[in-house]
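# Structure at a glance
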Amino acid sequence: MWDIISQPGTGKSTLLAAAQAELALTGARMVSITMEVPADSYQRRRAASADPLVIELARTQLCMDVVRAVGEKLGEADLEQQIHLADQDIQRVLDTHPEGRPDLNVADLLIPRGAGDAVTPMDLAVSDDYAGRVAAIRHEFGRRVADVLRPLSAGPGRLAVLIDNLHLVTDVACREWLAELFCAQLEIVTVVARRPGDQAF
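None of the values given here were measured: they were computed from a predicted structure. (Residues numbered from 1 in each chain as written. Predicted model: local features only at pLDDT ≥ 70, side-chain atom pairs only at ≥ 80, totals over all residues. Heavy atoms only, no water.)

## Things to note about the overall build of the chain
Scanning the chain for helices and strands turns up 7 helices and 4 strands. Secondary structure of the chain in N-to-C order comes out as β-α-β-α-α-α-α-α-β-α-β. Per-residue burial for the chain yields a buried fraction of 45% across its 201 residues. Considering only residue pairs separated by 6 or more positions, the chain has 74% of its internal contacts joining residues 24 or more positions apart. (Helix = DSSP H or I, 4+ residues; strand = E, 2+ residues; numbered from the N terminus. Buried < 20%, exposed > 50% of the residue type's maximum accessible area, 1.4 Å probe, protein only. Contact = heavy atoms within 4.5 Å.)

## Details of the packing of aromatic side chains
Any aromatic ring pair is given by two values, namely how distant the centres are and how the planes are angled relative to each other. Scanning all chains against the criterion turns up 1 aromatic pair. Ring centres of Phe141 and Trp177 lie 5.9 Å apart, and the angle between their planes is 15 degrees; on these two criteria the pair is classed as stacked. One end of the pair, Phe141, is in helix 6 (residues 124–149); the other, Trp177, is in helix 7 (residues 172–185), with 36 residues separating them in the sequence. For the pair Phe141 and Trp177, one class covers both residues: buried. (Phe/Tyr/Trp six-rings, centres within 6.5 Å; stacked < 30°, edge-to-face > 60°.)

## Quick notes on the side chain of Arg175
Tracing the backbone shows Arg175 in helix 7. We classify Arg175 as buried; its relative accessible area is 7%. A polar atom in the side chain of Arg175 sits 3.1 Å from the backbone oxygen of Leu166. (Polar contact = N/O pair within 3.5 Å; in protein donor to acceptor, adjacent residues only side chain to side chain.)

## A word on the pattern of salt bridges
Applying the stated criterion across every chain, the model contains 11 salt bridges. Note that Arg92 is salt-bridged to Asp89, the shortest N-O span being 2.4 Å. Within this pair, Arg92 and its partner Asp89 are both found in helix 4 (residues 77–94), separated by 3 residues, close to a single helical turn. Among the salt bridges present, the one from Glu140 reaches Arg143, with a minimum N-O distance of 3.0 Å. Residue Glu140 and its partner Arg143 are located together in helix 6, separated by 3 residues, close to a single helical turn. On the accessibility criterion, Glu140 (32% relative accessible area) is partly exposed. Take Arg143: its relative accessible area is 41%, and that puts it in the partly exposed class. Counted as one network, the salt bridges with shared partners bring together Glu56, Arg59, Arg138 and Asp171. (Salt bridge = Lys/Arg side-chain N within 4 Å of Asp/Glu carboxyl O.)

## Digging into helix 3 (residues 52–74)
Between the first and last C-alpha of helix 3 there are 33 Å, a value that for 23 residues agrees with the 33 Å anticipated at 1.5 Å per step. With respect to burial, helix 3 is a largely interior element, 17 of its 23 residues being buried. The N-terminus of helix 3 is capped by Asp51, whose side-chain oxygen sits 2.9 Å from the backbone nitrogen of Leu53. (Expected span 1.5 Å × (residues − 1).)

Laid out in structure tokens, this is it:
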């Protein structure tokens, strides 16, 4: 992994372009993404909530946004299919009533009741349970995405990923998911750009 650390306005984009040029000389198939949109989606989905399920859903959304960006760059329709399947898995979880609570609709509790409102506070035990189920789907989603990308990560023209503005991803679990996908499972060349004082993965 290449780690580019730079203050705003001091040439981070230039360094990324230089890394991209070096990788191009090796014949790598490059995907360049920025974390601005995924991080913004995460913040809006979380909406300052401390509810474990809301946080986990925000994490999953960020991971899906990253995969969607990669899929669009590569023209890999299979990645969008994996997003759709994970979405369906999550919906099935949310449509399941908690044990002993047939009256409780978890999906309904996640709907804000007014503009700017936070979601209805959920019983912590219930929220933790459902957050764990969604986290399991997120990890399985990562494994399925790796299966789709693995043929592109070896041999001539192997895949390389350049990630700009990693410092915008403040959730450690999201960073760990990205590291697991790109560095551990796929073992591809990964270039990240971030600001000083921030961690890479």
